[in-house]
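Next come the chains, spelled out residue by residue.
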Amino acid sequence: MDVINYFKLVFKNLTALENKMQTGFRFSQSEINEIISTSKKENLQFFENLARMPELTAFDVSYLMSSVNLSKEKIDLLKKASSLYKEDEFKGQGQTFSDFVFRIGANIDNLNMENLEVFKDLVQCKNEIYDFTRALQNPVRYKSSKTKELQFAFENVFAE
């Protein structure tokens, strides 16, 4: 009887240990190895944060880890900016989420929580520009009022 309880206890502890060892990453080991081999050394500490963002692909994470100087604040900005992406709004311009991530990466040094809406509006424009430095440094200048006032190109309008 004690031997059976002993094996049950060992099996239970092994199962608990195995569950703790599972990282929950959705990338394969080869993708993880490639991401880590191409990333900047100072960005390695942020790999787990990026890997846990479900909308980022291995390619997106690899780009961010190798091309952007990451910090905790930039990770928070990336999360907030990623939540602004709505596929139906951007698909009309032919922009994918990866395009959106590349533009975030190119402008992350100038992004803050206040100018994210301006950034979203700039990205939605159909263009090939990735660097929005001037617009993000002075977002009030580039943000127009959203009044819907009817205007006509001629002075008098005659209705029958």
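Here, every reference points to the structure presented above.
First, a word on scope: everything that follows refers to the structure included in this document. (Residues numbered from 1 in each chain as written. Predicted model: local features only at pLDDT ≥ 70, side-chain atom pairs only at ≥ 80, totals over all residues. Heavy atoms only, no water.)

### What to know about the nonpolar core
Step number 1: If you look at the biggest cluster of nonpolar residues, it comprises 31 residues, and the most contacted ones within it are Leu 50, Leu 56, Val 61, Phe 100 and Ile 104.
Step number 2: Counting only elements with at least two residues in this core, the list comes to helix 2 (29-38), helix 3 (47-51), helix 4 (58-67), helix 5 (72-84), helix 7 (97-107) and helix 8 (116-124).
Step number 3: When sequence neighbours within four positions are dropped, the list of residues in contact with Ile 104 reads Leu 78, Ala 81, Ser 82, Leu 111 and Phe 119. (Core = buried A, V, L, I, M, F, W, Y, C linked by side-chain atoms within 4.5 Å. Buried < 20%, exposed > 50% of the residue type's maximum accessible area, 1.4 Å probe, protein only. Helix = DSSP H or I, 4+ residues; strand = E, 2+ residues; numbered from the N terminus. Contact = heavy atoms within 4.5 Å.)

### Description of the packing of aromatic side chains
Any aromatic ring pair is given by two values, namely how distant the centres are and how the planes are angled relative to each other.
Step number 1: Going through the model one piece at a time under the given rule, you end up with five aromatic pairs.
Step number 2: Residues Tyr 85 and Phe 97 carry aromatic rings whose centres are separated by 5.1 Å and whose planes lie at 75 degrees to one another, so their mutual orientation is edge-to-face. Of this pair, Tyr 85 sits in the loop between helix 5 and helix 6 (87-91) while Phe 97 sits in helix 7, placing them twelve residues apart in sequence.
Step number 3: The buried category is assigned to Tyr 85, whose relative accessible area is 13%.
Step number 4: Residues Phe 97 and Phe 100 carry aromatic rings whose centres are separated by 6.3 Å and whose planes lie at 40 degrees to one another, so their mutual orientation is tilted. One end of the pair, Phe 97, and the other, Phe 100, are both in helix 7, three residues apart, so they sit about a helical turn from each other. Each member of the pair, Phe 97 as well as Phe 100, carries the same accessibility label: buried.
Step number 5: Three or more aromatic residues link up through ring pairs in this structure, and these residues are Phe 59, Tyr 63 and Phe 102. (Phe/Tyr/Trp six-rings, centres within 6.5 Å; stacked < 30°, edge-to-face > 60°.)

### Topic: the side chain of Lys 120
Step number 1: Within the element layout of this structure, Lys 120 appears in helix 8.
Step number 2: Residue Lys 120 is classed as buried on the basis of its relative accessible area of 12%.
Step number 3: With residues near it in sequence (within four places) discarded, Lys 120 still touches Leu 84, Glu 89 and Phe 90.

### What to know about a nonpolar patch on the surface
Step number 1: A grouping of Val 3, Tyr 6, Phe 7 and Val 10 is seen on the molecular surface, where their side chains present a nonpolar patch of about 410 Å² in accessible area.
Step number 2: If you trace the backbone, Tyr 6 turns up in helix 1 (residues 2-21).
Step number 3: Its relative accessible area of 52% is what places Tyr 6 among the exposed residues. (Patch = residues over 30% accessible without salt bridge, like charges linked within 9 Å, V, L, I, M, F, W, Y side chains within 5 Å. Areas by Shrake-Rupley, 256 points an atom, 1.4 Å probe, with all protein chains shown as cover. Salt bridge = Lys/Arg side-chain N within 4 Å of Asp/Glu carboxyl O.)

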